[in-house]
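Structural description and commentary
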Amino acid sequence: MKKIFAANWKLFKSPTETRNFFKSFKEVSAKATGDLVFFPSAISLEAASETVKGSNIAFGAQNCYVQVQGAFTGENSAQIVKELGGQYILIGHSERRQLFGETDALIADKVALTQSLGLIPMLCIGETLQEREATHTFRVLETQLLLGLAKADKAKPIVIAYEPVWAIGTGKVATPEQVAETHTDVHNILTKMGFTAPILYGGSVKPDNAGTLIKQPHVSGFLVGGASLEVDSFIKIASV
Ligand code: PEP
């Protein structure tokens, strides 16, 4: 399966910083060994769209609403992302689930809407430390997949990002054994449900651990937060 290296910029990088990043990144992007996808903040999407035009760099939004237009103050439209040339929507990131109360039911609607517009949902799943320590990881991931993909079209592309919540932004990366075991579980759950999808790992991926993690079974690439903000560190990760 083709590798995907995705960058979640969260609430970082203004439009000017976005343009500057891509001007430099385009000079090295040919080194990537898989597809490149960036998720800038919504206000910087147009800057990304203008600067990556004609390159091998894809982009998308970090979130969208379940309607494409209407009286929904403060929300983002997947239709507008598409108009800007975006190809992906990041859905169900743990920060959306934990800080903004997103439920699996809402996430399922976002996945369905994204696919219906011809965009690719990148669905994030992952367990908390408490859930891992209670040996509930498999059950949590299975539930997130069953509910989050309840309205998804199996014939259309989808990407899964497995991101243990305890490894996001903490510097605590999952061990290669944990990644191997959990990605195999996620792959088996998806297969049982009838889905074929790349499974990315996310959670404190850095240039010095990416080489080992990419070799683990059913790891098709990474979703990277902190280390995607610098050209050097992200291209090192994307060229493993
Ligand atoms: C993320 O935000 O999805 C993420 C994985 O962040 P970090 O790489 O900083 O842990």
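**Structural notes on the overall build of the protein chain**
Counting secondary structure elements, the protein chain contains 10 helices and 8 strands. Its C-alpha atoms give the protein chain a radius of gyration of 17 Å, near enough to 18 Å, the size a compact globule of 240 residues would have. If you line up the protein chain on its principal axes, its C-alpha atoms span 45 × 45 × 30 Å. The 240 residues of the protein chain split such that 53% are buried. Summarising the internal contacts of the protein chain: among those between residues at least 6 apart in sequence, 73% fall at separations of at least 24. A total accessible area of about 10,800 Å² is found for the protein chain, and carbon and sulfur atoms account for 53% of it. In the protein chain, which carries 23 positive and 23 negative side-chain charges, the distance between the mean positions of the two groups comes to 4 Å.

**Section: the pairing of strand β7 (residues 199-202)**
Judged by which residues are buried, β7 turns out to be covered on both faces: Ile199 and Tyr201 on one side and Leu200 and Gly202 on the other are all buried. As paired strands, strand β6 (residues 159-162) and β7 are joined by 3 bridges and run parallel to one another. Its bridge partner lying in β7, tyrosine 162 is registered against tyrosine 201. The parallel pair β7 and strand β8 (residues 221-224), bridged by helix α9 (residues 207-213), forms a crossover whose chirality is right-handed.

**Description of the packing of aromatic side chains**
Considering all chains together, one arrives at 14 aromatic pairs under this definition. Ring centres of tryptophan 9 and phenylalanine 21 lie 4.8 Å apart, and the angle between their planes is 80 degrees; this geometry places the pair in the edge-to-face category. Placement of the pair is tryptophan 9 in the loop between β1 (4-8) and α1 (15-25) and phenylalanine 21 in helix α1, with a sequence separation of 12 residues. By relative accessible area, tryptophan 9 is classed as buried at 0%. An aromatic cluster is built from Trp9, Phe21, Phe22, Phe25, Phe38 and Phe234, whose rings are joined through pairwise contacts. When the ring centre of tryptophan 9 is taken as reference, the NZ or CZ atom of lysine 13 above it lies at 5.3 Å.

Reading the values: rules and limits
Residues numbered from 1 in each chain as written. Predicted model: local features only at pLDDT ≥ 70, side-chain atom pairs only at ≥ 80, totals over all residues. Heavy atoms only, no water. Helix = DSSP H or I, 4+ residues; strand = E, 2+ residues; numbered from the N terminus. Rg over C-alpha atoms; globule rule 2.2 N^0.38 Å. Buried < 20%, exposed > 50% of the residue type's maximum accessible area, 1.4 Å probe, protein only. Contact = heavy atoms within 4.5 Å. Areas by Shrake-Rupley, 256 points an atom, 1.4 Å probe, with all protein chains shown as cover. Lys, Arg positive; Asp, Glu negative; His and termini not counted. Charge placed at Lys NZ, Arg CZ, Asp CG, Glu CD. Pairing = 2+ DSSP bridges. Right-handed = clockwise from strand over helix to strand, strands pointing away. Phe/Tyr/Trp six-rings, centres within 6.5 Å; stacked < 30°, edge-to-face > 60°. Lys NZ or Arg CZ within 6 Å of the ring centre and 35° of its normal.

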